[in-house]
Amino acid sequence: MAILDFSKAFDTVPHRRLLWKLSTYGINGPTLRCIEAFLVDRVQRVVVEGFRSQEDKVLSGVPYGTVLEPCLFLVCFRARCVEVNQDGPTLHTISNPRIVPGS
């Protein structure tokens with residue numbers, strides 16, 4: 001068994017590429033605009049022993065610990081869709097981005 005850590009790779013995924021990928025999977029309109037607002041126009045700085053760096057724009061990755069992080073990670077590395085009905089949850093792998101299960 002091999003366990004791979006893609007978390008560092010996820011930090012390097014540009015926001016625009018992630019938004020484009022979401023749109024190819026049929027996520028658009030207000031939902032896509034909401035995710036875009038969540039990702040873009042973020043800044044970060046480092047504080048060490050009271051000294052602050054200048055703010056710098058964050059152009060890639062998703063903030064850790066957010067509800068969207070695991071969902072966007074799956075979209076980025078292997079798109080999956082969970083369908084929940086009376087029989088319980090079913091996990092689908094989306095092989096064709098233009099065809100989403102249940103749509």
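Since this is a predicted model, take the numbers as computed values, not measurements.

*Asks:* Honestly, the overall build of the protein chain in this entry has me stumped. Any pointers?
*Replies:* Summing up its helical and strand segments, the protein chain has four helices and six strands in all. Going residue by residue from the N terminus, the α and β elements of the protein chain occur as α-α-α-β-β-β-β-α-β-β. Per-residue burial over the protein chain gives 21% buried out of 103 residues. As displayed, the protein chain has an accessible area near 7,900 Å², and 57% of this comes from carbon and sulfur atoms.

*Asks:* Sorry if this is basic, but what is going on with the pattern of salt bridges here?
*Replies:* Note on pairing: side chains with opposite charge can pair once their charged atoms come close. Counted by the stated rule, this structure contains three salt bridges. The salt bridge involving E36 is made with R16; its shortest N-O contact spans 2.6 Å. Here E36, found in helix α3 (residues 29–39), pairs with R16, found in helix α2 (residues 15–24); they are 20 residues apart in sequence, far enough to count as distant. Here E36 falls in the partly exposed class, since its relative accessible area comes to 25%. With a relative accessible area of 52%, R16 lands in the exposed category. Two residues, E55 and R45, come together in a salt bridge whose shortest N-O distance is 3.2 Å. Placement of the pair is E55 in the loop between β3 (51–52) and β4 (56–58) and R45 in the loop between β1 (42–44) and β2 (47–48), with a sequence separation of 10 residues. On the accessibility criterion, E55 (49% relative accessible area) is partly exposed. A relative accessible area of 34% means that R45 is categorised as partly exposed.

*Asks:* Looking at this model, I keep getting lost on the nonpolar core. Mind explaining?
*Replies:* One recurring pattern in soluble globular proteins: nonpolar side chains tend to sit buried together. Core analysis: the biggest nonpolar cluster contains 12 residues, these being V13, L18, L19, L22, Y25, L32, I35, L39, V62, L72, V75 and C76. Of all elements in the fold, only α2, α3 and α4 (68–77) reach the threshold of two or more residues within this core. Filtering out sequence-adjacent residues up to four positions away, L39 remains in contact with H15, L18, L19, G61, V62 and L72.

*Asks:* Sorry, what's going on with the packing of α2 against α3 here?
*Replies:* Any two packed helices are characterised by how steeply their axes cross, that is the angle between the axes, and by the distance between the axes. Taken N-terminus to C-terminus, the directions of α2 and α3 make an angle of 165 degrees; their axes are 11 Å apart at the nearest point. By the criterion of interaxial angle, the relationship of α2 to α3 is roughly antiparallel. Considering how the two elements wind past one another, α2 and α3 form a crossing that is right-handed. Contact residues: H15, R16, L18, L19, L22 and S23 in α2; L32, I35, E36 and L39 in α3. Looking at the contact of α2 with α3 residue by residue, the class counts come to six nonpolar, two polar and two charged.

Conventions used here
- Residues numbered from 1 in each chain as written.
- Predicted model: local features only at pLDDT ≥ 70, side-chain atom pairs only at ≥ 80, totals over all residues.
- Heavy atoms only, no water.
- Helix = DSSP H or I, 4+ residues; strand = E, 2+ residues; numbered from the N terminus.
- Buried < 20%, exposed > 50% of the residue type's maximum accessible area, 1.4 Å probe, protein only.
- Areas by Shrake-Rupley, 256 points an atom, 1.4 Å probe, with all protein chains shown as cover.
- Salt bridge = Lys/Arg side-chain N within 4 Å of Asp/Glu carboxyl O.
- Core = buried A, V, L, I, M, F, W, Y, C linked by side-chain atoms within 4.5 Å.
- Contact = heavy atoms within 4.5 Å.
- Axes fitted to C-alpha atoms, helices over the stretch in contact; angles between N-to-C directions.
- Parallel < 35°, antiparallel > 145°, perpendicular 65-115°, else oblique.
- Left-handed = near helix turned anticlockwise from the far one by under 90°.
- Nonpolar A, V, L, I, M, F, W, Y, C, P; charged D, E, K, R; others polar.

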